[in-house]
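# Coordinate analysis (summary)
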Number of protein chains: 4
Amino acid sequence: MDTKNIKIENIEINSSRFHIWAGPCAIENEKQFLKTAEFVKKQGASVVRAGFFKLRTSFDTFQGLGEKALSFVQKIKKQLQILTVSEITDPRQIKYLDSVTDIFQVGTRNMYNYELLKELGIYSKPVLLKRAFCAKIKEWMKATDYILKNGNDKIILCERGIRTFETSTRNTLDLNAVAFLKKESPFPVFVDPSHGTGLAQLVSPMSQAAVCAGADGLLIEVHPNPIEALSDKEQALNFSDFKELILKLQPLLKLYNKSL
Amino acid sequence: MDTKNIKIENIEINSSRFHIWAGPCAIENEKQFLKTAEFVKKQGASVVRAGFFKLRTSFDTFQGLGEKALSFVQKIKKQLQILTVSEITDPRQIKYLDSVTDIFQVGTRNMYNYELLKELGIYSKPVLLKRAFCAKIKEWMKATDYILKNGNDKIILCERGIRTFETSTRNTLDLNAVAFLKKESPFPVFVDPSHGTGLAQLVSPMSQAAVCAGADGLLIEVHPNPIEALSDKEQALNFSDFKELILKLQPLLKLYNKSL
Amino acid sequence: MDTKNIKIENIEINSSRFHIWAGPCAIENEKQFLKTAEFVKKQGASVVRAGFFKLRTSFDTFQGLGEKALSFVQKIKKQLQILTVSEITDPRQIKYLDSVTDIFQVGTRNMYNYELLKELGIYSKPVLLKRAFCAKIKEWMKATDYILKNGNDKIILCERGIRTFETSTRNTLDLNAVAFLKKESPFPVFVDPSHGTGLAQLVSPMSQAAVCAGADGLLIEVHPNPIEALSDKEQALNFSDFKELILKLQPLLKLYNKSL
Amino acid sequence: MDTKNIKIENIEINSSRFHIWAGPCAIENEKQFLKTAEFVKKQGASVVRAGFFKLRTSFDTFQGLGEKALSFVQKIKKQLQILTVSEITDPRQIKYLDSVTDIFQVGTRNMYNYELLKELGIYSKPVLLKRAFCAKIKEWMKATDYILKNGNDKIILCERGIRTFETSTRNTLDLNAVAFLKKESPFPVFVDPSHGTGLAQLVSPMSQAAVCAGADGLLIEVHPNPIEALSDKEQALNFSDFKELILKLQPLLKLYNKSL
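Each residue is numbered by its place in its chain's sequence as written, counting from 1. Labels follow written order: the first chain is A, the first ligand is 1, and so on. Reporting of local features is limited, given that this is a predicted model, to residues whose pLDDT is at least 70; pairs of side-chain atoms are given and counted only at 80 or more, and all residues count toward the totals for whole chains, interfaces and linings. Derived side-chain values reflect all non-hydrogen atoms in the structure, with water molecules and hydrogen atoms excluded from consideration.

### Topic: the overall build of chain A
Helices and strands together make up the secondary structure of chain A, namely nine helices and ten strands. Its C-alpha atoms give chain A a radius of gyration of 17 Å, within 12% of the compact-globule value 18 Å for 260 residues. On the principal axes, the C-alpha backbone points of chain A span a range of 45 × 40 × 40 Å. In chain A, the share of contacts with a sequence separation of at least 24, taken over all contacts with a separation of at least 6, comes to 68%. Numbering of helices and strands starts at the N terminus; helices are DSSP runs of H or I of at least 4 residues and strands are runs of E of at least 2. Restricting the calculation to C-alpha atoms gives the radius of gyration, and the globule rule supplies 2.2 Å times the number of residues raised to the power 0.38. A contact between two residues is defined here by any heavy atoms of the two lying within 4.5 Å.

### With respect to the interface of chain A and chain D
Each side of the interface is counted separately: chain A has 40 residues, and chain D has 40 residues. We count a salt bridge whenever a side-chain nitrogen from Lys or Arg sits within 4 Å of a carboxyl oxygen from Asp or Glu. One can count two salt bridges joining chain A with chain D. Between Arg131 of chain D and Glu166 of chain A there is a salt bridge, with its nearest N and O atoms 2.7 Å apart. Throughout this description, a polar contact denotes any pair of N or O atoms lying within 3.5 Å of each other; where both atoms belong to protein, one of them has to be capable of donating a hydrogen while the other can accept it, and for residues adjacent in sequence the pair is counted only when both atoms sit in side chains. Run the count over chain A and chain D and you get ten residue pairs in polar contact (both at pLDDT 80 or more). At the level of secondary structure, the elements contributing two or more residues to the side of chain A that touches chain D comprise α5 (137-148), α6 (175-184), α7 (193-197), α8 (200-213) and α9 (239-255) of chain A. The element best represented in the side of chain A that touches chain D is α8 of chain A, accounting for eight residues. Put simply, Ala, Val, Leu, Ile, Met, Phe, Trp, Tyr, Cys and Pro go in the nonpolar bin, Asp, Glu, Lys and Arg in the charged bin, and everything else, Gly too, in the polar bin. By residue class, the composition of the side of chain A that touches chain D is 21 nonpolar, eleven polar and eight charged.

### As for the relation of the copies chain A and chain D
Each of the two chain copies goes to the other by way of a rotation about an axis and a shift along it. Note on the identical chains: chain A maps onto chain D by a rotation of 180° and an axial translation of 0.0 Å, with an RMSD of 0.0 Å. The two molecules are tied by a two-fold rotation axis, judged by turn and shift. If distances are taken from each C-alpha of chain A to the rotation axis, the shortest is found for Ala209 of chain A, at 2.0 Å. Most of the interface of chain A is mirrored in chain D: 100% of its interface residues are interface residues there too. The superposition of copies rests on a least-squares fit of C-alpha positions from residues with pLDDT of 70 or more in both.

### Structural notes on the sheet that holds strand β3 (residues 19-23) of chain B
Consider a sheet: its strands pair through backbone hydrogen bonds, and that pairing is either parallel or antiparallel. Residues and elements named next belong to chain B. Read around the barrel, eight strands follow the order β3-β4-β5-β6-β7-β8-β9-β10 and close on themselves; strand pairing throughout is parallel. When the angles between neighbouring strand axes are averaged without regard to direction, this sheet yields 30°. In the sheet, β3 pairs with strand β10 (residues 217-221) via five bridges, with the strands oriented parallel. Paired with Trp21 across the two strands is Leu219, which belongs to β10. Here a strand pair is declared whenever DSSP counts at least two bridges between the two strands. The convention used is that axes are lines fitted to C-alpha atoms, helices contributing only their stretch in contact, and that angles between N-to-C directions extend from 0 to 180 degrees.

### Observations regarding the packing of helix α1 (residues 30-43) of chain B against helix α2 (residues 70-80) of chain B
Two quantities define a packed helix pair, namely the angle between the helix axes and the distance between the axes. Residue and element names in this part refer to chain B. At their nearest, the axes of α1 and α2 sit 11 Å apart, and the two run at 25° to each other. As judged from the angle between their axes, α1 and α2 are roughly parallel. For α1 against α2, the interelement crossing comes out right-handed. Between α1 and α2, the residues in contact are Glu30, Phe33, Leu34, Ala37, Glu38 and Lys41 and Phe72, Val73, Lys75, Ile76, Gln79 and Leu80, respectively. Here the residues of the contact of α1 with α2 are counted per class, giving seven nonpolar, one polar and four charged. By definition in this entry, angles of less than 35 degrees are roughly parallel, angles greater than 145 are roughly antiparallel, angles of 65 to 115 are roughly perpendicular, and the rest are oblique. Crossing handedness: left-handed means the near helix sits turned counterclockwise from the far one by under a right angle, and right-handed means the same turn made clockwise.

### Points about empty space enclosed by the protein
Only protein atoms enter the 1 Å grid, on which a cavity is a set of points fitting a 1.4 Å probe that cannot get out and a pocket is an open set with protein on both sides within 12 Å along at least 5 of 7 lines, lining residues being those with an atom within 4 Å of a point. Grid points are joined across faces, edges and corners, and a volume is the space filled by probe spheres set on the points. Throughout the structure, instances matching the rule amount to six cavities of 30 Å³ or more. Quantified by volume, the largest cavity comes out at close to 130 Å³. The wall of the largest cavity is formed by 14 residues, among which Thr164 and Phe165 of chain A, Thr164 of chain C together with Arg163 and Thr164 of chain D lie closest to the centre. A per-class count over the lining of the largest cavity returns six nonpolar, four polar and four charged.

### Re the pattern of salt bridges
Applying the stated criterion across every chain yields a total of 64 salt bridges over all chains. Arg49 of chain A serves as the salt-bridge partner of Glu221 of chain A, at 3.5 Å between the closest nitrogen and oxygen. Taken as a pair, Glu221 of chain A in strand β10 (residues 217-221) and Arg49 of chain A in strand β4 (residues 47-49) lie far apart in primary sequence, 172 residues in all. Considered together, Glu221 of chain A and Arg49 of chain A belong to a single accessibility category, that of buried residues. In this structure, the salt-bridge partner of Lys125 of chain C is Asp98 of chain C, at a minimum N-O distance of 2.9 Å. In this pair, Lys125 of chain C sits in the loop between α4 (114-122) and β7 (127-130) while Asp98 of chain C sits in the loop between α3 (94-97) and β6 (103-106), placing the two residues 27 residues apart along the sequence. Buried means the residue's accessible area, taken with a 1.4 Å probe over protein chains only, is under 20% of the maximum for its type, while exposed means over 50%, and partly exposed covers the values in between. The class for Asp98 of chain C is partly exposed, based on a relative accessible area of 30%.

### Considerations on the side chain of Gln208 of chain B
Structurally, the position occupied by Gln208 of chain B is in helix α8 (residues 200-213). Separated by 2.6 Å, the side chains of Gln208 of chain B and Tyr256 of chain C make a polar contact. Those residues within four positions of Gln208 of chain B in sequence are excluded, and the remaining contacts are Lys248, Leu249 and Leu252 of chain B together with Cys212 and Tyr256 of chain C.

### So, the sheet that holds strand β9 (residues 189-191) of chain D
Residues and elements named next belong to chain D. Spatially, the eight strands close up into a barrel ordered β3-β4-β5-β6-β7-β8-β9-β10, and their pairing is parallel. For this sheet, the mean angle separating the axes of adjacent strands, direction not counted, is 30°. Note that strand β6 (residues 103-106) and strand β7 (residues 127-130) share three bridges and pair parallel. Directly across from Gln105, in β7, lies its bridge partner Leu128.

### Observations concerning the packing of aromatic side chains
Residues and elements named next belong to chain B. Only Phe, Tyr and Trp rings are paired, with Trp represented by its six-membered ring, and only when their centres lie within 6.5 Å; those with planes under 30 degrees apart are stacked, over 60 edge-to-face, the remainder tilted. Scanning all chains against the criterion turns up 20 aromatic pairs over all chains. Ring centres of Tyr114 and Tyr146 lie 4.1 Å apart, and the angle between their planes is 5°; this geometry places the pair in the stacked category. A residue pair is termed long-range when its members are at least 10 positions apart, and Tyr114 in helix α4 (residues 114-122) and Tyr146 in helix α5 (residues 137-148) qualify at 32 residues. Looking at Tyr114, the relative accessible area reads 1%, which means it is buried. Tyr146 sits in the buried class, given a relative accessible area of 0%.

### Considerations on the environment of Glu115 of chain D
The residue Glu115 of chain D is located in helix α4 (residues 114-122) in this model. For the pair Glu115 of chain D and Lys68 of chain D, spaced 47 residues apart in sequence, the C-alpha to C-alpha distance is 26 Å. If sequence neighbours within four positions are ignored, Glu115 of chain D has contacts with Thr89, Asp90, Arg92 and Gln93 of chain C. Here the side chain of Glu115 of chain D touches Lys118 of chain D through a polar contact of 3.2 Å, side chain to side chain.

### Considering the packing of α6 of chain A against α8 of chain A
All names here are of chain A. The contact between α6 and α8 brings their axes to 9 Å, and the two run at 25°. It follows that α6 is roughly parallel to α8 by the angle criterion. Two packed elements cross with a definite hand, and for α6 against α8 that hand is right-handed. For the pair formed by α6 and α8, the contact residues are Leu175, Val178, Ala179 and Lys182 on the first element and Met206, Ala209, Ala210 and Ala213 on the second. The residue inventory of the contact of α6 with α8, partitioned by class, reads seven nonpolar, no polar and one charged.

### Thoughts on the side chain of Thr169 of chain B
Structurally, the position occupied by Thr169 of chain B is in the loop between β8 (155-159) and α6 (175-184). The class for Thr169 of chain B is buried, based on a relative accessible area of 3%. One polar contact links the side chain of Thr169 of chain B to the main-chain carbonyl oxygen of Asn171 of chain B, over a distance of 3.0 Å. With sequence-adjacent residues up to four places away left out, Thr169 of chain B is seen in contact with Thr197, Leu199 and Leu202 of chain B together with Asn176 of chain C.

Structure, rendered in C-alpha cells:
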C-alpha cells in the first residue's frame, strides 16, 4: 500500500527519505542533552529524542526531569535548529509540551490509552504511536482510528519489540509486523531497535534489517556515556557506535534508493 | 502474607468474606441495568458492575453510554441500595464518576497508565487494578506503588487472564499469579473468569478454581440476555447460570471458612 | 463430554475416583526410590513416578539412571505392589521399559514426536500425554490421534504449564485448558502443578484449583529431601508437605463426590 | 564469534558465501519435484528441499510420500547433480534416508527430541537444526550439544519463527535471535522466512532482512503452483516470485561481500 507522506516543519517522511530520530532515553541534564543533540544532528539525525517523562515500572527509579527541562530544551532547540520528539503520558501535558515538541510520542504503555489518543487527534501535530508490549498488529492498526477520526492523520507507527518467552533479548523485535504494515497500512513505520533488542551490540544489525523489512525510519537511543546513563544503559549506543551505524546504513539506503 | 482488610461503605474485604461483584459488561440502558443489578444483588453480589465507558479495540463499536447513564445509575443506586464499581479511563473523569461510583476500576489497557494511577492515589476511594494483557506479576505489583505512594492503600488486584499463543480461550487465566500474590502481596486478589476464559461455559469451573487458588472475590459478567449483549456476548452469564454458579460456590466457600 | 474410563491393572480412572501419581522427578538411587514410593503409596498415591530418563536442556546435567535402575525398580514394584509411570523418549526404549512400567509418559518435549506416539499406539499400555511447552489445546487434542488411530485408546492428557512471558513462576499452569478439555475431549485430564508452577509453595493451592477445574488426577513431584534433589529441587514437595496436601484434598474431593 | 566453515560435498558454508536452500514443502510426485529442483538450482539454490515426511498436526492430512519417493529422488539427484536436505523424524529412518540425503533436517517439532539428536551425532552428515516453536535461544544452543558431544560438529541452526500472541502472521520471525547467535554461537545460522511469516508476500522483505541480521543462508519453500500445493500453500513462492527474490538478493549480498 502507498505510504502517505508526512511533512513535519522542514522535513518530510516519504518514499525517498529515511529518517533517524536519535537521542538519550531521557533528558538527564542540559549538558547531556545539548552534547547528544549536537552530535546526532551532525551525523544526520533529522529529529532528536527529548524525553521529559520517563515511564518506569518502578515508582522509585528515575522518572525524568519533567517540566524542569522545558526551558533549556527550548533554548537548545533554537540554538541547534533541531526538531524534537517527546513522549506524552497524559492529555494534561499537551498544553506545555506543545511549545517544545514537534512530534508527540505515545509509548508502548499508552497505546491502549484511547483517551490520550483521542485528545491527540484534535491537534495537528504528528503522533509517533508505539506498539504496546503485546498488541496484535490488527489492534495497533485499529488504535490509529482514535487519532485519525478526531481529524489528525499525521500518524507514524513504531515497532519497538513485543513481549515473548525469550529472555536473551529484552524484547522480540517483530520485523514481520513492519513488512506486513507496509502492505496493509497507509502510515509510515519506524523501528526502535534499542528497545527491540535491549542490547547495544544488536542495534546495528537489526537497524539494517529494519531497512530491508521496509521501515521508513529508526528511533535510536544514544548517550555520551551509556554506562552512566540513568536508564537503558545496556541498549544505548555511545557516539562512536552511532557514527559507525550511520556509515553502515548509508550504502544500504542507497541500494534502496533512499537517503537520510 | 496477611491480606489487608479493605472497608468499602457497608462491606469489608477480609479473610472470612468472599465477594462477588457482578453485572453487565457495560450499561446498555436503564432497564437492562436495573434488572441485572436487582438480580445479582438478590443472589448475593456485594457490588454491581456499572460500566459507563467500554474500552474497545475498534473505534466504531459500542463504547458505552458514558455520562448519559449517570443520572439513572444514581437513581438506581439509591433505590436498590447497591454499591457499584466503574471503569475509569482518564483522570478527568474522576470529578463526575466520583459521585456515582464506590470503586474505581482500572482496566487491563490502563494498568500502565501511571498518570491515572497517581491521580487515583490522591483519593481515598478503593481502586480495582486489573492486570495488563501481558504484565509480569512483578510489574503489576510495582504498579500499585503509583497509587499507594500518593496516599491511597485501598487497592484490590484483579487477575483477568493474560495473552498467550492459545486461541481456544480468549485469554489464559493465570491462577498461578493468584496463588503467588497471596504469598507475596498485601492486597486482596480478585479474579475475572469472564474475561479470563471468554467462554460462559468455563466461568463456573474457573470461578471455583479461583477460590482454591486463594482469590478474595470474583468479577463476573451477567446479562439478562447474553446473545443480545452489545459486547462480550460469548462470556456473559445469563441469570440462571449466575444463580447456579452461586449455588456451586456456597459449599466450597464454607469448606474454606468463607461466606458471601 | 463424558470421560472414558481407563482401567490400569487394579485401578480405574473414572468419574468417582481422583488419582494422585507421585514420586521423585527422577530415580536417583534405590534407597531414594524405595523410601519415596513407600511413603507416597501409604498416603494414597495410586501410581508412583519412576523416571529412568530425565530429559534435560543441558547435556551435562543429570540425565537419569537409565537402564541401571531397571532391576531394583522391578524388585521394589513387586515388594510394594505398586504401579509405576515412566517417561519414554525413544521408540527403542519400549522393549525393556515395557516390563517395568504400567503407564508410558510422553513428556512435554516429545508431544510432537509423532513417530513415538504412533509406536505407542500399537501397544495396549496407557499413555500419559503431556502438553508441549506451547502446544495449542487443539494441537494437543489432535496429537492423540497418532496414538488412537493405531489402536490404543488408553490416553490420559496432562496439563503441565505452558510457556509465557511470565518469569515469577516456571510455567503458567493453564487450568482453562483443563476446564475446556473436560467439555471437548473424551480423555481424562491430569494436572502437574509441580512443573506447572515450579514452586513447591504453590503446589497445594494449584492442586486444589485443579480439582475444581475438573481434573481427574494430579502428577506430583515428591522427594525425601528436596534441597538435595538432583533435579527440580525448587518444586518437589517433601514428605510432610505431601501429607498435608493429601489432607487438604480429602474434604474437597468429598465435595465433588470423588475419592482417592 | 567466528562462524565455523562447513563443507558439504562440493559446497561450503563460509563467510563469503550465502546459501539458498529451496524446494517444495513436501515431495508430492516425481514431476513436481523434478520441475522444482531443476528450476531452483538454475536460479542459484545450492541445495534442494526434499521432504519425504511432512509432519502435520492432523493425522488425517497429507503426511508426505515417505519411502515411495526414495527411488525417483535418487534418480533425479543423479540426473540434476543436486544436493538435498530432508527432514528426519525418527532415528530408524537414518538407514535409508542416508543414501538419498546430504543434510538431515531436524524440524521444529523435534528440536527437543534428544534421542534423535544424539543418534545424528554419531554420523558425519550435516544437521540443520530448526528452533522449536518456543525454544529460548539458550535452550536451542544447548540442544546442539546432544549432536556435538557424540562427535558431529557439522551443525547449522535455522530460525523459523517462534510462537507468540500475534495472529496476522503464522509465526513471529525472530531475527534478534539470528543477530544474537552470530555473536554467541560458532554455528552457521539459516533463516526460514516461509514458515517464519506464513505469507508468501512477506518472504522477500524478510529474506533481505535476514541477510542484514547476519544469516548465512535461507530455507525457502517454492512450488510450481502454490494454490494447488498439498501443504503450506499460503507461504510457498511460485517460480517467478522466487526468481525475483534472487534478483533482489544479489546486490544486497554484494554489499555484504557475499555471493551465492
